Amino acid sequence: MGRVPLAIFLSLAFCGLFPVTAAEQIKSPNYPLEGAPLLSLPVDCSEAGRCSVQNYVDFAPGPKALDHTCGPLTYNGHSGVDIRLRSVEAMERGVAVLAAATGTVIASRNDIPDRLLNEVEARQALAAPVKPSNSVSLYHGNGWTTHYGHLRKGSVTVKTGQIVKRGQQLGLIGASGSTNFPHLHFTLLLRDQVIDPYSGRLPGSGCGAGVHHSFWNEEAAKLLAYRSSGVLNAGLAERIPSQRKIRRGLRNKTPLSTTADQIVFWTRIWGLRRNDRFHIRLFAANGALLAESTQRADDDNAVSIASLSISRRTDAWPQGTYRGEYLLERPNGAKDEKFEKILKFSREAEIR
Ligand SMILES: [Zn+2]
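Residues numbered from 1 in each chain as written. Predicted model: local features only at pLDDT ≥ 70, side-chain atom pairs only at ≥ 80, totals over all residues.

1. Observations concerning the sheet that holds strand 15 (residues 289-296)
Here comes step 1: Here we have 4 strands laid out as an open sheet, ordered 15-14-17-18, and antiparallel in their pairing. Strands at the two margins of the open sheet, each flanked by one partner only, are strand 15 and strand 18 (339-351). Averaged over neighbouring strand pairs, the angle between their axes works out to 10° when direction is ignored. (Pairing = 2+ DSSP bridges. Helix = DSSP H or I, 4+ residues; strand = E, 2+ residues; numbered from the N terminus. Axes fitted to C-alpha atoms, helices over the stretch in contact; angles between N-to-C directions.)

Here is the structure:
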């Protein structure tokens with residue numbers, strides 16, 4: 001089948017919110033838990049697949065970045081949990097940010113425009129001073145605060161001094177401040193010290209130390225459970241779609257034309273890791289393999305887009321159901337020969 005064109009684009013997931021400087025440093029995880037909030041979902045995750053966690057609290061001391069499981073889903077100094085939407089379209093439809101526990105509004109901001117940074121701007125922003133975003137902070141008593149960042153301009157519906165109930169809407173997920181993907185940045189603090197809600201441990205305290213105390217309630221723990229990789233969107237198309245279209249929320253196109261110049265299987269996933277192996281294959285209606293490509297990732301990548309395409313060489317594509325398959329595998333342990341299946345999905349489209 002000759003050389004098969006595979007186009008790959010890699011990008012980071014930049015949040016642009018960093019920890020506040022703690023007035024009173026808590027040094028160990030053995031802080032008092034009396035009166036600590038039990039956290040429910042800070043986002044309306046009711047639509048299937050809506051909530052994916054892109055970044056966690058950074059546990060690596062110094063300039064490195066590791067999440068609480070020692071995985072790469074964070075970056076240096078990241079102070080919270082980034083619950084992302086799969087598309088810009090979803091953000092525009094409006095997804096509610098919810099109070100994770102009953103509390104009093106102690107700060108809010110609502111006037112900063114939403115604008116997703118492009119790849120170059122996001123890389124520059126990593127080294128630039130942090131910009132404020134539309135946000136809400138809630139005080140839950142006994143020194144505990146939750147913070148909700150990157151809210152959509154004009155969406156914040158609560159005022160300082162107001163008491164809000166658990167699950168009450170605070171605003172909408174947006175892209176205000178400095179970020180390149182629509183998400184909620186959620187931070188839990190005890191007396192201004194960031195606490196990781198998954199493990200109850202402190203940022204920079206070293207990863208893989210296990211769970212001291214989980215703050216999530218049962219539903220939140222289930223829907224926000226750590227997943228190292230996942231699919232954002234994927235589909236078949238008649239030409240390679242632009243990255244912009246894919247990020248906006250492009251879906252699988254069906255039917256495709258028998259006279260399309262190309263058939264393309266495009267994919268966008270989060271959490272590609274260094275040395276991961278991914279196979280992309282495209283099958284004709286009769287089950288014949290039309291094109292395939294296998295690649296190794298040479299670095300960790302927050303978000304990766306890959307498109308496998310094949311050009312038409314006859315008058316028309318035979319009619320029927322065409323299928324794209326994606327398989328992500330990760331080296332299992334120290335030896336490089338064994339791989340573990342991490343993610344597998346497929347998309348189908350009719351050609352007629
Ligand atoms: Zn964040």
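2. Observations regarding the nonpolar core
Here comes step 1: Val43, Ile83, Val97, Leu98 and Ile173 are the most contacted members of the largest nonpolar core, which totals 47 residues.
Here comes step 2: Looking at this core, the elements that each hand over two or more residues are strand 3 (81-84), strand 4 (96-98), strand 6 (134-141), strand 7 (144-151), strand 9 (169-172), strand 10 (183-190) and strand 11 (193-195).
Here comes step 3: Element by element, the count of residues in this core is highest for strand 10, at 5 residues.
Here comes step 4: Those residues in contact with leucine 98, other than ones at most four positions away along the chain, are Leu41, Pro42, Val43, Asp44, Gly167, Gln168, Gln169 and Leu170.
Here comes step 5: Among the nonpolar cores identified, the runner-up in size contains 37 residues, and Leu250, Phe265, Leu272 and Trp317 belong to it. (Core = buried A, V, L, I, M, F, W, Y, C linked by C-beta atoms within 7 Å. Buried ≥ 20, exposed ≤ 12 C-beta atoms within 10 Å, placed from the backbone. Contact = placed C-beta atoms within 7 Å.)

3. So, the environment of asparagine 301
Here comes step 1: Residue placement: asparagine 301 occurs in strand 16 (residues 301-311).
Here comes step 2: Assessed through the 22 C-beta atoms surrounding it within 10 Å, asparagine 301 is described here as buried.
Here comes step 3: For the pair asparagine 301 and leucine 73, spaced 228 residues apart in the sequence, the C-alpha separation amounts to 9.0 Å.
Here comes step 4: Not counting residues up to four positions away in its chain, the partners in contact with asparagine 301 are Leu10 and Leu272.

4. Let's talk about the sheet that holds strand 1 (residues 6-11)
Here comes step 1: Strand order in the open sheet formed by 4 strands is 1-16-13-12, with antiparallel pairing between adjacent strands. Lying at the two open borders of the sheet, with one neighbouring strand each, are strand 1 and strand 12 (230-237). When strand polarity is set aside, the average angle formed by the axes of neighbouring strands in this sheet is 10°.
Here comes step 2: Judged from the 10 bridges that link them, strand 13 (residues 262-272) and strand 16 form a sheet pairing that is antiparallel. Bridged to threonine 267 within strand 16 is alanine 306.

5. Regarding the domain arrangement of the chain
Interface size is commonly expressed as the accessible surface area that is lost when the partners come together.
Here comes step 1: Taken as a whole, the chain is organised into domain 1 (33-225) and domain 2 (228-351).
Here comes step 2: For domain 1 versus domain 2, the distance between C-alpha centres works out to 31 Å.
Here comes step 3: Tallying the contact residues gives 10 residues for domain 1 and 12 residues for domain 2.
Here comes step 4: Elements with a minimum of two residues in the side of domain 1 that touches domain 2: strand 2 (52-55) and helix 1 (88-93).
Here comes step 5: Take the side of domain 1 that touches domain 2: its biggest share by element is 3 residues, from helix 1. (Domains from an automatic or database assignment.)

6. Some remarks on the environment of valine 231
Here comes step 1: Among the secondary structure elements, valine 231 is positioned in strand 12.
Here comes step 2: Residue classification places valine 231 among the partly exposed positions, given that 18 C-beta atoms sit within 10 Å.
Here comes step 3: Taking the C-alpha atoms as reference points, valine 231 and arginine 277, 46 residues apart in sequence, are found 15 Å from one another.
Here comes step 4: Beyond its immediate sequence surroundings of up to four residues, valine 231 is in contact with Thr267, Ile269, Leu343 and Phe345.

7. What about the environment of proline 129?
Here comes step 1: With respect to the helices and strands, the residue proline 129 is situated in the loop between helix 2 (119-125) and strand 6.
Here comes step 2: Along the primary structure proline 129 and glycine 16 are separated by 113 residues, whereas in three dimensions their C-alpha atoms are 8.9 Å apart.

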